[in-house]
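Here's the letter readout for the chains.
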Amino acid sequence: MTEPVHPPSTEPVREALRSGLPPGSPRHLAVLFSEPETRASLGALYAFEAELRRAVGGDSHEAAHARLQWWRGELDRLSQGRPTHPVAAALQPLRDLAGVDLTLLQELLAAADLDLARFTYHSWQQLEAYCFRSSGALQLLVAAVVADGRTLTEQERRFARQLGAGIRQTEILQYLRFDLARGRLYAPLDELATAGLDPEVLARAPSDAAAARFLADWRDRVRGALQSLPSLLDAPGLRRAQRHGLVLASMHVRLIERLDGSDALASRRFDLEPIGRLWTAWRTALRHA
């Protein structure tokens, strides 16, 4: 694989790349266990994701909207080979990498718009479509980067989409109480109605038995999808190539299991202990090396 030529290691570029990979985070460990020549490219992709999440996570709707509009312009400049932001500059070498379609970054912007608008979803299918935009498109790009310059197989494309959906839904479940406090409800409305749940119950009555059953079933769906990912890659060579995604999936399975043993609507955030993340990442990488 020919290593993309990234911008000089100036401090703005290094800081931009660090922003998407906090030390010890699942994304950081997944990148750490990927091939060395792919790490800068993966860091650039995750840094872009982090930029959008910071914009949407701010307190000012107007400022966030303006920032997302600016990033639309920056992606246009990137497509023309004249980016101005350090993250976009770090992404520029990917334009010439076989199999990488940077127009997929527009999907992340569309998802950020939905987050900002506090859009709601009626079915699991609608939520899956959002999850593709928010995370699946990024994982398709990641899968292409680690595929050593070849065209992704249909198995790998399905793997990346399912991985992205699993990651995003794990995050939704992990931060459910915090999103609800900000007026963001991701649970499908029709599914809540079928379960006999008013959406307000999730925020108002965290100990409600019906809400607990609904969330437990949701966690089971996500866990099953993540655990089935290795079976989508039936050849050892594909699993080795997509080791990054398998490592990331294993850590999110562990997080779902941690949520199973907690009050998922508790007022504090649940996460894995650093040593647990590292052990899970190392063991999974070794299995698929």
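These figures come from a predicted structure and were not determined experimentally.

Calculation criteria
Residues numbered from 1 in each chain as written. Predicted model: local features only at pLDDT ≥ 70, side-chain atom pairs only at ≥ 80, totals over all residues. Heavy atoms only, no water. Helix = DSSP H or I, 4+ residues; strand = E, 2+ residues; numbered from the N terminus. Buried < 20%, exposed > 50% of the residue type's maximum accessible area, 1.4 Å probe, protein only. Contact = heavy atoms within 4.5 Å. Areas by Shrake-Rupley, 256 points an atom, 1.4 Å probe, with all protein chains shown as cover. Salt bridge = Lys/Arg side-chain N within 4 Å of Asp/Glu carboxyl O. Phe/Tyr/Trp six-rings, centres within 6.5 Å; stacked < 30°, edge-to-face > 60°. Axes fitted to C-alpha atoms, helices over the stretch in contact; angles between N-to-C directions. Parallel < 35°, antiparallel > 145°, perpendicular 65-115°, else oblique. Left-handed = near helix turned anticlockwise from the far one by under 90°. Nonpolar A, V, L, I, M, F, W, Y, C, P; charged D, E, K, R; others polar.

## Considering the overall build of the protein
Okay, so step 1: If you tally the helices and strands in the protein, you get 16 helices and 0 strands.
Okay, so step 2: Relative to its 289 residues, the protein shows a buried fraction of 51%.
Okay, so step 3: Within the protein, contacts between residues separated by at least 24 positions form 72% of all contacts whose residues are at least 6 apart in sequence.
Okay, so step 4: Counting only carbon and sulfur atoms, one obtains 52% of the accessible surface of the protein, whose full area is about 13,000 Å².

## What to know about the pattern of salt bridges
Okay, so step 1: A complete count under the given rule lists 12 salt bridges for this structure.
Okay, so step 2: Arg-53 serves as the salt-bridge partner of Glu-49, at 3.4 Å between the closest nitrogen and oxygen. Of this pair, Glu-49 and Arg-53 both sit in helix H3 (residues 39-57), separated by 4 residues, roughly a single helical turn.
Okay, so step 3: For Glu-49, a relative accessible area of 4% gives the class buried.
Okay, so step 4: Classification of Arg-53 as partly exposed rests on a relative accessible area of 35%.
Okay, so step 5: Asp-220 serves as the salt-bridge partner of Arg-223, at 2.7 Å between the closest nitrogen and oxygen. Linking Arg-223 with Asp-220, this pair stays in helix H12 (residues 209-227), spanning 3 residues, or about one helical turn.
Okay, so step 6: Through salt bridges that share partners, Arg-27, Glu-49, Arg-53, Arg-168 and Glu-171 make up one connected network.

## Description of the packing of aromatic side chains
Okay, so step 1: In the structure shown here, the tally under the stated rule is 9 aromatic pairs.
Okay, so step 2: With a centroid separation of 5.3 Å and an interplanar angle of 85°, the aromatic rings of Phe-48 and Trp-71 are classed as edge-to-face. Highlighted residues: Phe-48 in helix H3 and Trp-71 in helix H4 (residues 61-79), separated in sequence by 23 residues. The burial state of Phe-48 is the same as that of Trp-71; both residues are buried.

## Some remarks on the packing of helix H6 (residues 105-116) against helix H7 (residues 124-145)
Okay, so step 1: Two elements in contact, H6 and H7, have axes separated by 8 Å at closest approach and are oriented at 155°. With respect to each other, H6 and H7 are oriented roughly antiparallel. The hand of the H6/H7 crossing is left-handed. Side by side, H6 and H7 meet where Leu-105, Glu-107, Leu-108, Ala-110, Ala-111, Leu-114 and Asp-115 of the first sit next to Tyr-130, Phe-132, Arg-133, Ser-134, Ala-137, Leu-138 and Leu-141 of the second.
Okay, so step 2: A class-by-class count of the residues in the contact of H6 with H7 yields 10 nonpolar, 1 polar and 3 charged.

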